[in-house]
Each structure stands twice: as structure tokens, then as C-alpha cells.
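Each chain is listed here by its residues.
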Amino acid sequence: MFNKLEKQSLVDQVYSQIEQRIKNNSWAIGMRIPKEAELMEQFGVSRNTLREAVRALVHVGLLSTRQGDGTFVIANSELHSVLQKRVQNSTVVEVLEVRHALDREAVALACLRRTDEDLQQMDHYADLCQQHIDAGQIAEFVEADFKLHQAITTASYNQLLIDLYAHLFEQIQMSITSTTELSDSYCTGHRNLIQAIREQQSEQAMLIVDDYITYFTDRLQSLDHSPSPEDQG
């Protein structure tokens with residue numbers, strides 16, 4: 001539970017403890033935080049101190065106050081909030097280009113740093129991808145595909161890269177969904193990529209990334225230029 005706070009820098013301490021609740025998912029995104037009276041008692045602070053800390057968290061984009069409804073968690077880190085605001089004004093092609101850079105660096109580092117446990121995780125999600133392709137389950141495939149690439153990024157052991165990938169989740173997932181046409185070639189690509197990482201062939205791994213990003217981009221452009229029903233009629 002919450003610790004009683006010292007009387008020094010109370011606002012900063014309340015801010016930090018609320019931020020920690022959000023980061024460790026005690027207060028998940030979309031959740032309404034406890035009422036003022038409850039938080040005042042838990043923290044041992046005044047209403048003004050609590051409100052100032054909450055205002056600061058609203059300002060950085062972690063919380064949102066809805067008149068008459070309460071205060072809700074809308075992001076789980078300042079980085080998440082900033083990135084989500086920025087990518088809302090980005091195109092899917094721009095997101096794919098950023099994903100290209102992240103994936104390329106992730107696989108290069110994973111080739112150097114992966115463990116046997118990391119490889120087992122990659123194999124697990126590659127198997128799931130194959131199962132969902134066989135069953136024609138697009139949504140489930142997209143989720144497993146993202147988790148596979150997240151496992152590869154985790155194997156980079158670069159925490160900033162891991163955070164960037166995690167907080168771009170929605171937009172990266174959208175880039176997959178927008179270009180998805182289920183095919184066994186996906187799983188062949190997955191297996192080849194994992195094998196390159198297993199053998200620590202970083203150049204080969206990055207070439208595989210180049211290939212699938214090029215495929216996604218070409219497919220997206222073909223969808224953008226396909227005739228509409230009105231044009232066909």
C-alpha cells in the first residue's frame with residue numbers, strides 16, 4: 001500500500017507515488033483513480049497538495065480529469081503520452097519508416113545479446129503466428145506477430161529501445177493490420193529472422209527486416225491506389 005509521506009516536497013512525493021502506481025499497472029490505463037478523500041488519507045496530505053500533484057500529472061499527460069466523473073489514467077508513462085500525441089499526426093507510412101529503424105536496430109542488437117530463453121520466446125510466438133495463419137485469424141495473428149517482434153526487441157537489452165517499441169504499440173500494430181494479408185510467407189520470414197538471430201548473423205537479420213518493411217510499404221501503397229467502388233462503377 002501507500003507509504004505515509006514526509007513533510008518535505010510533498011507535491012513531488014505524491015506525484016512520484018501516483019506515477020509509480022501507474023507504471024507498475026496498479027492503476028491501469030482507463031482506470032479511474034480513487035477519490036480525493038481516500039488518497040488524502042493514504043498519502044497523509046492536504047487536499048491542496050494532492051490536487052497540485054494531480055494537476056502536474058494531468059499536465060504531462062498521464063491523467064485526465066473529467067468534470068463530474070473523476071480522474072482517469074490515460075497513459076502509463078510520460079514517454080507514452082508524448083509519443084501517442086505525436087503519432088496521432090503521423091501517417092501509416094511514417095510509422096512504418098520509424099518501425100523500420102527500430103526493428104533494424106533491435107535485430108542487430110539481439111544478434112549480439114540474445115539468450116537461449118530469448119530464442120525460446122521468439123520460437124513460441126512464431127509458432128503462434130503459424131497457428132493463427134492456419135486458422136485464418138487475422139486479429140490473433142497481428143497480436144502474436146507484435147509479441148514476436150517485442151520479444152526480439154527485448155533481446156536487444158536496450159531499455160530505451162524497448163520502451164520506444166512498447167509505447168508505439170498501437171501505431172505499430174496498426175501498421176501491421178493495415179497491410180496484413182495472411183500468408184505462410186510471413187512464417188517463413190519469421191523463421192528465417194529467428195535463425196539469423198540464433199546464428200548471430202546481424203547483416204542477414206537486417207536484410208530480412210528490409211524485405212518485410214518493403215513488402216508492407218508496397219502493399220500499403222497498392223491499397224491506397226486501388227480503385228474505389230465508385231471508380232469501378
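Rules used throughout
Residues numbered from 1 in each chain as written. Predicted model: local features only at pLDDT ≥ 70, side-chain atom pairs only at ≥ 80, totals over all residues. Heavy atoms only, no water. Helix = DSSP H or I, 4+ residues; strand = E, 2+ residues; numbered from the N terminus. Expected span 1.5 Å × (residues − 1). Contact = heavy atoms within 4.5 Å. Phe/Tyr/Trp six-rings, centres within 6.5 Å; stacked < 30°, edge-to-face > 60°. Buried < 20%, exposed > 50% of the residue type's maximum accessible area, 1.4 Å probe, protein only. Lys NZ or Arg CZ within 6 Å of the ring centre and 35° of its normal.

For helix 3 (residues 47-60), with 14 residues, the first-to-last C-alpha span of 20 Å sits near the 20 Å given by 1.5 Å per residue. Buried residues belonging to helix 3 abut helix 1 (10-23), helix 2 (36-43), strand 1 (63-66) and strand 2 (70-73). Once helix 3 ends, the next one or two residues include Gly61, with phi positive near 95 degrees.

To continue, consider the packing of aromatic side chains. Following the criterion strictly, the structure yields one aromatic pair and no others. The interplanar angle of 15 degrees and the centroid separation of 5.6 Å between the aromatic rings of Phe146 and Tyr165 together place this pair among those described as stacked. Of this pair, Phe146 sits in helix 7 (residues 138-154) while Tyr165 is found in helix 8 (residues 159-167), placing the two residues 19 residues apart along the sequence. One exposure class covers both Phe146 and Tyr165, and it is buried. Directly above the aromatic system of Phe72 lies the positively charged group of Arg66, at a separation of 3.9 Å from the ring centroid.

As a further point, take unusual backbone geometry. Excluding glycine, residues mostly have negative phi values, and the peptide bonds linking residues are mostly trans. If you check the backbone angles, Asn25 has positive phi at about 70 degrees while not being a glycine. Counting through the fold element by element, Asn25 comes out in the loop between helix 1 and helix 2. The exposure class of Asn25 is exposed, given its relative accessible area of 52%. Even without glycine at this site, Gln200 takes up a positive phi of about 60 degrees. One can find Gln200 in the loop between helix 10 (184-198) and helix 11 (202-225).

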